[in-house]
Amino acid sequence: MAYDDIAFDVIALNVDRALAPHRLMPPPVEITDLTNRLVNHGALLVGFVERIPETEHTVRAKGALKDWYDLTGSGPGDGAMANWVHMRALARMCRTFMDYLHEREGRHRT
């Protein structure tokens, strides 16, 4: 898959839904579904980030990669709130990866 084939708009919608305020917390079934989508989106984005030499990664991208592997390796804790917090952390990492890729792509296209 090429960079231009990434559905950034779809990923952004899922990230925005996951990061909605607490009063708009989705029901547990949607949290599970959204978490699965974010894991898939993140895995795709991580693949693109990891194609870039590590020496060119920003501090935020490096931190997000570490957090990504920590969170996807261990999963959430127990309970609905833990699932919600886990989902939100994945969403924040997806947003960081998207921002990094957009910034980098913008620099390379000019």
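Residues numbered from 1 in each chain as written. Predicted model: local features only at pLDDT ≥ 70, side-chain atom pairs only at ≥ 80, totals over all residues. Heavy atoms only, no water.

A few points about the overall build of the protein chain
Logical step 1: Scanning the protein chain for helices and strands turns up 4 helices and 0 strands.
Logical step 2: A globule of 110 residues ought to have a C-alpha radius of gyration of about 13 Å, and the protein chain, at 14 Å, matches this closely.
Logical step 3: Overall size of the protein chain, expressed as C-alpha extent along the three principal axes, is 45 × 25 × 25 Å.
Logical step 4: The proportion of buried residues among the 110 residues of the protein chain is 37%. (Helix = DSSP H or I, 4+ residues; strand = E, 2+ residues; numbered from the N terminus. Rg over C-alpha atoms; globule rule 2.2 N^0.38 Å. Buried < 20%, exposed > 50% of the residue type's maximum accessible area, 1.4 Å probe, protein only.)

What to know about the packing of aromatic side chains
Logical step 1: This model, assessed by the stated rule, comprises 2 aromatic pairs.
Logical step 2: A centroid spacing of 5.2 Å and a plane angle of 50 degrees characterise the contact between Tyr3 and Phe8, whose relative ring orientation is tilted. The burial state of Tyr3 is the same as that of Phe8; both residues are buried.
Logical step 3: Centroid distance Trp68 to Phe97: 6.1 Å. Interplanar angle 75 degrees. Geometry classified as edge-to-face. On the criterion of sequence distance, the pair formed by Trp68 in helix H3 (residues 59-74) and Phe97 in helix H4 (residues 80-109) is long-range, its members being 29 residues apart.
Logical step 4: Taking relative accessible area as the criterion, Trp68 reaches 4% and is therefore assigned buried.
Logical step 5: Lying over the aromatic face of Phe48, Arg51 brings its terminal NZ or CZ to 4.2 Å of the ring centre. (Phe/Tyr/Trp six-rings, centres within 6.5 Å; stacked < 30°, edge-to-face > 60°. Lys NZ or Arg CZ within 6 Å of the ring centre and 35° of its normal.)

Things to note about helix H2 (residues 28-51)
Logical step 1: Under the 1.5 Å per step criterion, the end-to-end length of H2 is 35 Å for 24 residues, consistent within 8% with the ideal 34 Å.
Logical step 2: When H2 is considered as a whole, its buried residues turn out to be Ile31, Leu34, Thr35, Leu38, His41, Gly42, Leu45, Val46, Phe48 and Val49. (Expected span 1.5 Å × (residues − 1).)

Some words on the pattern of salt bridges
Logical step 1: The full count for this structure, using the stated rule, is 5 salt bridges.
Logical step 2: The shortest N-O distance in the salt bridge between Arg17 and Glu30 comes to 2.8 Å. On the criterion of sequence distance, the pair formed by Arg17 in helix H1 (residues 8-18) and Glu30 in helix H2 is long-range, its members being 13 residues apart.
Logical step 3: Judged by its relative accessible area of 28%, Arg17 falls in the partly exposed class.
Logical step 4: Since its relative accessible area comes to 25%, Glu30 is described here as partly exposed. (Salt bridge = Lys/Arg side-chain N within 4 Å of Asp/Glu carboxyl O.)

Points about the nonpolar core
Logical step 1: Among the nonpolar cores identified, the biggest contains 30 residues, and Val15, Leu38, Leu45, Phe97 and Leu101 are the most heavily contacted of them.
Logical step 2: The set of elements that each furnish at least two residues to this core consists of H1, H2, H3 and H4.
Logical step 3: With 11 residues, H4 is the largest single contributor of residues to this core.
Logical step 4: Residues in contact with Leu38, not counting those within four places in the same chain, are Asn14, Val15, Ala18, Trp68, Met87, Leu90, Ala91 and Cys94. (Core = buried A, V, L, I, M, F, W, Y, C linked by side-chain atoms within 4.5 Å. Contact = heavy atoms within 4.5 Å.)

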